[in-house]
Amino acid sequence: MKKFNVLIVEDSKPILALHKNLVTRAGFNPITAETLEQVKLLEPRFPEFFCAIIDYSLPDAPNGEAIAYLLARNVPGIVMTGMIDDETRNNILQLPVIDYITKENKQAYPYLQHLLEKLRVNHLTKILVVGESQDTRNHLKDLLERHNYHVIQARCGAAAIEELEKHPQIKLVITEKEMANMDGLELCNQIRSKYSKDEISIIGLSEDNNQSLTAKFIKNGANDFLTTPFCLEEFYCRVLQNIEYIENIAIIQRQANTDYLTGLFNRRYFFEQVSPIIKRRYIDGINSTLAMIDIDYFKSVNDTYGHDAGDVVLKSIAKLMQRHFSPNYLAARVGGEEFCIFLDTTSRNQAIMLLDDFRKDIENMLVDIGIGSGKNTITCTISIGITHGCDSSFDEIMIKADELLYDAKDSGRNMVIAD
Ligand SMILES: Nc1nc2c(ncn2[C@@H]2O[C@H](COP(=O)(O)OP(=O)(O)OP(=O)(O)O)[C@@H](O)[C@H]2O)c(=O)[nH]1
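Residues numbered from 1 in each chain as written. Predicted model: local features only at pLDDT ≥ 70, side-chain atom pairs only at ≥ 80, totals over all residues.

As named in an unreviewed UniProt entry, the chain is diguanylate cyclase, taken from Psychrosphaera saromensis. The Cofactor (unreviewed entry) comment attached to the chain in UniProt states, word for word, "Mg(2+)". Its UniProt record gives the chain the following Catalytic activity (unreviewed entry) comment, quoted word for word: "2 GTP = 3',3'-c-di-GMP + 2 diphosphate". (UniProt positions renumbered as here; feature names shortened; annotations may be inferred.)

A count of helical and extended segments in the chain gives 15 helices and 18 strands. Against the globule reference of 22 Å for 419 residues, the chain gives a C-alpha radius of gyration of 29 Å, more extended than a compact globule. Expressed along its principal axes, the backbone C-alpha trace of the chain runs to roughly 85 × 65 × 35 Å. For the chain, with 419 residues in total, the buried portion stands at 32%. Partitioning the contacts of the chain with sequence separation of at least 6, the portion at a separation of at least 24 is 62%. (Helix = DSSP H or I, 4+ residues; strand = E, 2+ residues; numbered from the N terminus. Rg over C-alpha atoms; globule rule 2.2 N^0.38 Å. Buried ≥ 20, exposed ≤ 12 C-beta atoms within 10 Å, placed from the backbone. Contact = placed C-beta atoms within 7 Å.)

This next bit is on the sheet that holds strand β2 (residues 28-33). Strand order in the open sheet formed by five strands is β2-β1-β3-β4-β5, and the pairing between neighbours is parallel. Looking at the sheet topology across the chains shown, the edges are occupied by β2 and β5 (99-102). The average undirected angle you get between the axes of adjacent strands in this sheet is 20°. Relative to strand β4 (residues 77-81), strand β3 (residues 49-55) runs parallel, the two sharing four bridges. From the neighbouring strand, A52 faces β4, where its bridge partner is G77. Each of β1 (4-9), β2 and β3 is contacted by helix α1 (residues 13-25), which is oriented at about 160° to β2, the strand it contacts most. (Pairing = 2+ DSSP bridges. Axes fitted to C-alpha atoms, helices over the stretch in contact; angles between N-to-C directions.)

Once that is clear, we can look at the sheet that holds strand β8 (residues 170-176). Spatially, five strands are ordered β7-β6-β8-β9-β10 in an open sheet, and the strand pairing comes out parallel. Bordering the open sheet on either side are β7 (150-154) and β10 (224-227), each of which pairs with just one other strand. Each strand of the sheet is rotated relative to its neighbour by a mean of 20°, with strand direction disregarded. Sheet analysis places strand β6 (residues 126-130) next to β8, joined by five bridges and oriented parallel. Paired with V129 across the two strands is I174, which belongs to β8.

As a further point, take the pairing of β4. With five of its five residues buried, β4 lies for the most part within the structure. Here β4 shows two buried faces, one formed by G77, V79 and T81 and the other by I78 and M80. Between β3 and its parallel partner β4, the chain crosses via helix α3 (residues 65-72), and the hand of that crossover is right-handed. Alignment of β4 against β5, held across four bridges, turns out to be parallel. If you follow T81 over to β5, its bridge partner there is T102. (Right-handed = clockwise from strand over helix to strand, strands pointing away.)

With six of six residues buried, strand β9 (residues 201-206) is to be regarded as a mostly interior element. With burial as the criterion, each face of β9 is covered, one bearing S201, I203 and L205 and the other bearing I202, G204 and S206. Two strands pair when backbone bridges link them, and β8 and β9 are joined in this way by five bridges, in the parallel orientation. Residue pairing for β9: L172 is matched across the bridge by S201. The β-α-β motif built from β8, the intervening helix α8 (residues 184-194) and the parallel element β9 has right-handed crossover chirality. Remark: the β9/helix α9 (residues 212-219)/β10 crossover connection has right-handed handedness.

Here we come to the nonpolar core. In summary, soluble globular proteins display a tendency toward joint burial of nonpolar side chains. In this structure, A291 and C340 are the most contacted members of the largest nonpolar core, which totals 44 residues. With six residues, helix α15 (residues 394-410) is the largest single contributor of residues to this core. The contact partners of A291, leaving out residues within four places of it in the chain, are C340, I341, L343, A351, L355, I384, G385, I386 and A401. Counting residues in each nonpolar core, the second largest holds 30 residues, with F49, C51, I53 and I67 among its members. (Core = buried A, V, L, I, M, F, W, Y, C linked by C-beta atoms within 7 Å.)

It is common to report an interface's size as the accessible area lost on association of the parts. Segmentation of the chain into domains returns domain 1 (4-116), domain 2 (125-256) and domain 3 (265-418). For domain 2 and domain 3, the distance between their C-alpha centres works out to 43 Å. (Domains from an automatic or database assignment.)

Now for the site of the ligand. Taken together, the neighbourhood of the ligand is formed by 16 residues, with D296, F298, K299, G310 and G336 sitting nearest. Mapped onto the shell around the ligand, the elements with two or more residues apiece are β12 (288-295), α12 (298-305) and α13 (307-325). Take the shell around the ligand: its biggest share by element is four residues, from α13. Class assignment for the residues of the shell around the ligand results in five nonpolar, four polar and seven charged. (Near = placed C-beta within 6 Å. Nonpolar A, V, L, I, M, F, W, Y, C, P; charged D, E, K, R; others polar.)

Taking 1.5 Å of rise per residue, the 13 residues of helix α6 (residues 134-146) would be expected to cover 18 Å, and the 18 Å separating its terminal C-alpha atoms lies within 8% of that figure. Looking one or two places after α6, you find N148, whose phi comes out positive at around 70°. (Expected span 1.5 Å × (residues − 1).)

Structure follows, in structure tokens:
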């Protein structure tokens, strides 16, 4: 991954060391300056900086002068301060800084690292901003773009629904309540008729500080609500929290669907996905193809080289399977040394060709099991049963493929047999 430079402006050596460490851990390359004078010498390199972490008070810039200097030259800044009074804090927040962090807070350094990690990937996160006022939308866009989010705008509810269809990666919708044809509450309802709270978060916005509005928004499907004008820090915290909720759900779902050892889809996911497709193919009379794969004499790999070596073989086969079949076909580990591939409407002959190529590649693959100084690599083979048709239920298809697989085993292994 490309590394970006982060400028650290800090006069305390221990804090500088700490920042360098966490900037590196967040995947950036740290460049340091201890005074405003040194910052000025770096000016020719400013376009290289992803952002700057700026100490509010420096020996030659005691009142935030370094912040203004860098922001004026388009270097986005995260401000680090000691304990500050409300007036200074508000002055900092008036500036277009990414964030400000008080150093005395124990959470400051984990927070800074998390912020940097997020800033690096936020461009992949799409946020939809909905409202009739172009100025308000632009203001929200500006705030969100300071954190590198990819912002999409819609001027009414209907346009918002269209944008959601166009951009399935939108994780958060921020909507004004007051809109003419479809207000924010109705938009929440419409979004929820298509997308669950685990897929898209919604934050409602309104100038109206009537307390019942929060409950109204939430009852209509929003996750959160903010009264405008809002406190900038609260805005960023809520945006982050709502996006992280969606991301965490996606991680949990991915883990629940994935085989821990090989990274392939697991049996449950394969059954959940394929079973309804087979049902549809049965109703529509369209043929589909499913292959069942089993490693030959796998027990002897475990017995001879150990269980860890067996695991390496499983992972190597899975890797090759992903390369051969993803993303067009659904490949899964459905048992200990058993795999399935659903090739849907692929023709029988095409499926036999694809699976036989795969079988040959496995036969020729040298698996490095990393044992001792002598023989490090071993080879293995697989047997495959393929069933093709449209007149069976999912369970019957699985049984058929299994029977064909065992025909391949009985006929000598390392072969493909189709019905
Ligand atoms: N290393 C490892 N072994 C596993 C795992 N899951 C199942 N196995 C092993 O897979 C082997 C399956 O053996 P058998 O069912 O006897 O089949 P086989 O030795 O492959 O023989 P054939 O299928 O008849 O060619 C057993 O030794 C299991 O312990 C796993 O996650 N890791």
